[in-house]
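Here is what each chain is made of, one letter per residue.
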Amino acid sequence: MAFRSDLRNIAIIAHVDHGKTTLVDAMLWQSGAFRANQDVAERVMDSGDLERERGITILAKNTAVVLPAAAGHAGIDVTLNVVDTPGHADFGGEVERALAMVDAALLLVDSSEGPLPQTRFVVRKALEAGLPILLVVNKIDRPDARIAEVVDETYDLLIDLGAGDAQLDLPVLYTNAREGTATLDPEHPGGDLAPLFAAILDHVPAPTHEPDHPFQALVTNLDASPYLGRLALCRIQNGHVRRGETVAWCREQGQVERVKLSEMYLTEALDRVQADEAGPGDLIAVAGIDDVTIGDTLADLADPRPLPRLRVDEPSLGMTLGVNTSPLAGRDGKQLTARLIQARLEQELVGNVSLRVLPTERPDTWEVQGRGELQLAILVETMRREGFELTVGKPRVVTKEVDDQIHEPFEALSIDVPEDYVGVVSQLLGLRKGRLQQMVNHGTGWVRLEYRVPARGLIGFRTEFLTETRGTGILHHVFDGYEPWQGDIRTRPNGSLVADRSGQATQFALLNLQDRGQLFIAPGAEVYAGMIVGENARSEDMDINPAKEKKLSNVRSATGDELVRLAPPRLLSLDQALEFIREDEAVEVTPASVRLRKVELDPALRARAAKRAKHGAAPS
Ligand SMILES: Nc1nc2c(ncn2[C@@H]2O[C@H](COP(=O)(O)OP(=O)(O)OP(=O)(O)O)[C@@H](O)[C@H]2O)c(=O)[nH]1
Ligand SMILES: [Mg+2]
């Protein structure tokens, strides 16, 4: 076994918002990646539009910093590849892939929040991959920090997940990522990240390889370049490769093809720079293979040895995605046809192994399956920005059959609420078949509740939870295995207010309708028959006419119109709309609008179907 002592590869993993990307910023600055006066955005690795808007990381990305010989080991410069991963549970597939590129995981835990559901998920993945872990307790500047407890809780988690003695013997650092400081002793704050860099050099194993082993690299991610087409991001396991070399491309079904690597890059800070040669442990980007996919191996032409393919968890949630069939279709989108949608979905599959696309009984609609509502909403939002118009169906859990019995996905749910709300939250989750696993009162007036709950019960849960806890509650959940089907679960208690004709909503009509429930549209909005314009205060749907005009009359009404105020509508975002809809409803998405609708637009057909359901639903 030989070592690359000039190289270290590490992934930063954590629950969402615990400060991974902020820590990468500090590492970049302190390793001299930027000039002192350079204008660099905060959380620079979150470079996607949606990442910046939502303030979260969606795609795992790698960067490289050089730790100079002076700071480093044995008098040589060490290149440190850092893979920043997303902390949101829906993008867990990215974490699994990132872990295939590295030799250790830097586990970040917020000094106050402690380990949360996604911490558990990422730790489990790191342990499964057999990686050593470095623990970093971040945000030690928080006034509500409870550092010692958080360290204990993290050890408990590691033990619970079966960490071996070697993995438990881990270095613990305490950081303030925003200030860029690290220390080994929380009593004595650090001045910079030097203690962290030193710990990385000491505890992250240098990449190993077998000398004289033929070239082997695993494709762990894909990217696209406007000039070069598809780029394959790979980790070299063994051997060397040169730019322009012809190698063997080992594909999924065992085929092996000859391909020429027309371009090859290594990462320096935020840039890809052309490289002539790369060796074991290097993370390279190569161009020249149009149909390469994640999990393929690039290998020595004379002696191709494919590596085991990457495996990621199965999708647990799906929704239908199809052509926009509303009467307002085609007003502002440019990508409208089933063919374009299908091609776009196929393209998405290539770069995202945690997604799956299945045909449905309709030729213009597909079922897209992924890890969660946010992951699917992000896909819809991305397509919308590219000019697509879509009809999106209600998210549904992906069940599977085990021993002739239907099983459904379960989530580990963690909730933080002020004590006063424990009662209502228990009630809400009781209805959704949640089982309380643990309740911890931190003595601060806040309580943490841990549940195991069918994923189905959490669809649309967030809005209700926030309303019931007056916006104070915090909730996180992550997929946690399958269990037998739990029977009926109560969904949204209220029905919809449905427009019964096309037209433009009038002030007059909306004023009269606003007592019926909560409206989603403002006067002037264009509506069509079957479009949902509000939430009914009652449990059933109601057909209404939001376009009704005031009858002209000569008699002046004693109560002037001005006295009645029209409450502002609740404008639903894409995420909220997807949470709101029921089984027989859908969301119409265009670049300019998000509208809610019944799947069946015709009021007469809908009434007939409802009647049939009512009578026919009785067991025969
Ligand atoms: N007080 C304090 N805030 C911090 C610290 N580190 C990060 N933050 C803040 O925490 C928030 C989340 O930081 P990010 O770096 O985006 O967290 P992340 O782990 O990359 O989040 P995801 O990628 O979405 O999982 C930001 O508002 C940061 O400014 C810290 O050490 N102290
Ligand atoms: Mg991040």
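See the structure printed just above.
What counts and how
- Residues numbered from 1 in each chain as written.
- Chains lettered and ligands numbered in written order.
- Predicted model: local features only at pLDDT ≥ 70, side-chain atom pairs only at ≥ 80, totals over all residues.
- Heavy atoms only, no water.
- Helix = DSSP H or I, 4+ residues; strand = E, 2+ residues; numbered from the N terminus.
- Rg over C-alpha atoms; globule rule 2.2 N^0.38 Å.
- Buried < 20%, exposed > 50% of the residue type's maximum accessible area, 1.4 Å probe, protein only.
- Core = buried A, V, L, I, M, F, W, Y, C linked by side-chain atoms within 4.5 Å.
- Contact = heavy atoms within 4.5 Å.
- Axes fitted to C-alpha atoms, helices over the stretch in contact; angles between N-to-C directions.
- Parallel < 35°, antiparallel > 145°, perpendicular 65-115°, else oblique.
- Left-handed = near helix turned anticlockwise from the far one by under 90°.
- Donors = N, O, S within 2.8 Å, 3.2 Å for Na, K, Ca; no water.
- 1 Å grid on protein atoms, 1.4 Å probe; cavity = no way out; pocket = protein on both sides within 12 Å on 5 of 7 lines; lining within 4 Å.
- Points joined across faces, edges and corners; volume = space filled by probe spheres on them.
- Nonpolar A, V, L, I, M, F, W, Y, C, P; charged D, E, K, R; others polar.
- Expected span 1.5 Å × (residues − 1).
- Arc of directions from axis to C-beta.
- Pairing = 2+ DSSP bridges.
- Near = heavy atom within 4 Å.
- Polar contact = N/O pair within 3.5 Å; in protein donor to acceptor, adjacent residues only side chain to side chain.
- Areas by Shrake-Rupley, 256 points an atom, 1.4 Å probe, with all protein chains shown as cover.

Q: Would you take a moment to explain the overall build of the protein for this structure?
A: In terms of regular secondary structure, the protein is built from 15 helices and 37 strands. Computed over C-alpha atoms, the radius of gyration of the protein comes to 27 Å, within 12% of the 25 Å expected from 2.2 N^0.38 for 620 residues, which places it in the range of a compact globule. On the principal axes, the C-alpha backbone points of the protein span a range of 95 × 60 × 60 Å. Across the 620 residues of the protein, 52% fall into the buried class.

Q: Help me out: how do you make sense of the nonpolar core in this one?
A: If you look at soluble globular proteins, the nonpolar side chains tend to sit buried side by side. Ranked by size, the top nonpolar core spans 35 residues in total, and within it Ile-13, Leu-99, Leu-107 and Val-137 carry the most contacts. Mapped by element, the contributors of at least two residues to this core are strand E2 (7-14), helix H3 (92-99), strand E5 (104-110), helix H4 (117-128), strand E6 (133-138), helix H5 (147-160) and strand E7 (172-176). The residues touching Val-137, leaving out its near neighbours within four places in the chain, are Val-109, Ser-111, Ile-147, Val-151, Val-172, Leu-173, Tyr-174 and Thr-175. Core analysis: the next-biggest nonpolar cluster, separate from the first, contains 33 residues, Val-40, Val-44, Val-65 and Ala-177 among them.

Q: How should the packing of helix H8 (residues 338-351) against helix H9 (residues 373-385) be read in this particular structure?
A: The packing of two helices is summarised by the inter-axis angle and the distance between the axes. Closest axis-to-axis distance for the H8/H9 pair is 12 Å, and the angle between their directions is 125 degrees. The pairing of H8 with H9 is recorded here as oblique in orientation. Like other packed secondary-structure pairs, H8 and H9 cross with a definite hand, here right-handed. Note on element contacts: H9 touches H8 through Leu-379, Thr-382 and Met-383, opposite Ile-341, Arg-344, Leu-345 and Glu-348.

Q: Whenever I open this one, the environment of Val-24 confuses me. Can you help?
A: For Val-24, the location among the structural elements is in helix H1 (residues 20-30). Residues Val-24 and Gln-504 lie 480 residues apart in sequence; the distance between their C-alpha atoms is 51 Å. For Val-24, the contacting residues outside a window of four places in its chain are Ile-12, Met-45, Thr-63, Val-82 and Asp-84.

Q: Would you take a moment to explain the coordination of the magnesium ion (ligand 2) for this structure?
A: Ideal geometry at a metal gives 109.5 degrees between four tetrahedral donors and either 90 or 180 degrees between six octahedral ones. The protein atoms donating to the magnesium ion (ligand 2) are Thr-21 (OG1) and Thr-57 (OG1), with metal-donor distances spanning 2.0 Å. A residue pair is termed long-range when its members are at least 10 positions apart, and Thr-21 in helix H1 and Thr-57 in the loop between helix H2 (49-54) and strand E3 (61-67) qualify at 36 residues. Both residues of the pair, Thr-21 and Thr-57, belong to the buried class.

Q: What is the right way to look at unusual backbone geometry in this model?
A: Glycine aside, a negative phi is what most residues show, and trans is what most peptide bonds show. The backbone of Asp-212 shows a phi angle near 70 degrees, a positive value even though the residue is not glycine. Considering the arrangement of structural elements, one finds Asp-212 in the loop between strand E9 (208-209) and strand E10 (216-225). Its identity as a non-glycine residue notwithstanding, Asp-404 has a phi of 65 degrees, on the positive side. With respect to the helices and strands, the residue Asp-404 is situated in the loop between strand E25 (400-402) and strand E26 (405-418).

Q: Help me understand the layout of surface pockets in this model?
A: Rolling a probe over the atoms, with the probe sized like a water molecule, indicates the empty space that remains. The computed volume of the largest pocket comes to approximately 1400 Å³. Leu-59, Lys-61, Leu-222, Asp-223 and Ala-224 are the residues nearest the centre of the largest pocket, which is lined by 45 residues in total. Counting only elements with at least two residues in the lining of the largest pocket, the list comes to H2, E3, H3, E10, strand E11 (229-238), strand E16 (271-274), H8 and H9. For the lining of the largest pocket, a count of residues per class yields 19 nonpolar, 13 polar and 13 charged. Size it by volume and the second largest pocket reaches roughly 1100 Å³. The leading source of residues in the lining of the second largest pocket is strand E29 (residues 474-484), at six residues. A per-class count over the lining of the second largest pocket returns 18 nonpolar, 13 polar and 13 charged.

Q: Please clarify how empty space enclosed by the protein should be interpreted in this entry.
A: Evaluated as defined, the whole model comprises one cavity of 30 Å³ or more. What the largest cavity holds in volume is close to 60 Å³. Listing elements by their share of the lining of the largest cavity, those giving two or more residues are E11, strand E15 (263-268) and strand E18 (283-287). Split into classes, the residues belonging to the lining of the largest cavity amount to eight nonpolar, two polar and one charged.

Q: Help me understand H5 in this model?
A: Given 3.6 residues per helical turn, the α-helix brings residues three or four places apart onto the same face. Relative to the 20 Å expected for 14 residues at 1.5 Å per residue, H5 spans 20 Å between its end C-alpha atoms, a close match to the ideal helical length. Among the residues of H5, Ile-147, Val-150, Val-151, Thr-154, Leu-157 and Leu-158 are the ones counted as buried. Buried residues along H5 cover an arc of 120 degrees about the axis, so they all sit on one side. Of the exposed residues in H5, those oriented more than 90 degrees away from the buried face are Ala-148, Asp-156, Ile-159 and Asp-160. Downstream of H5 by one or two residues, Gly-162 has phi in the positive range, about 85 degrees.

Q: Just checking my understanding: could you explain the sheet that holds E11 for this structure?
A: Hydrogen bonds between backbone groups are what pair the strands of a sheet, and the pairing can be parallel or antiparallel. Ordered by their spatial adjacency, eight strands build an open sheet running E14-E13-E19-E10-E11-E18-E15-E16, and the pairing between neighbours is antiparallel. Each of the sheet's edge strands pairs with one partner strand only, and the pair in question is strand E14 (256-260) and E16. Taking the axes of each pair of neighbouring strands and ignoring which way they run, one obtains an average angle of 40 degrees across the sheet. Bridge count between strand E13 (residues 246-250) and strand E19 (residues 297-299): three bridges; the pairing is antiparallel. From the neighbouring strand, Trp-249 faces E19, where its bridge partner is Leu-298.

Q: Mind showing me how you'd approach the site of ligand 1 here?
A: In the neighbourhood of ligand 1, 17 residues make up the surrounding shell, with Lys-20, Thr-21, Thr-22, Thr-57 and Asp-141 lying closest. In the environment of ligand 1, an oxygen atom lies 2.9 Å from a nitrogen or oxygen atom belonging to the backbone of Gly-19. Interatomic distance of 3.1 Å between a side-chain N/O atom of Asn-176 and an oxygen atom of ligand 1. In isolation ligand 1 exposes 660 Å². Once the protein is present, 90% of that is buried.

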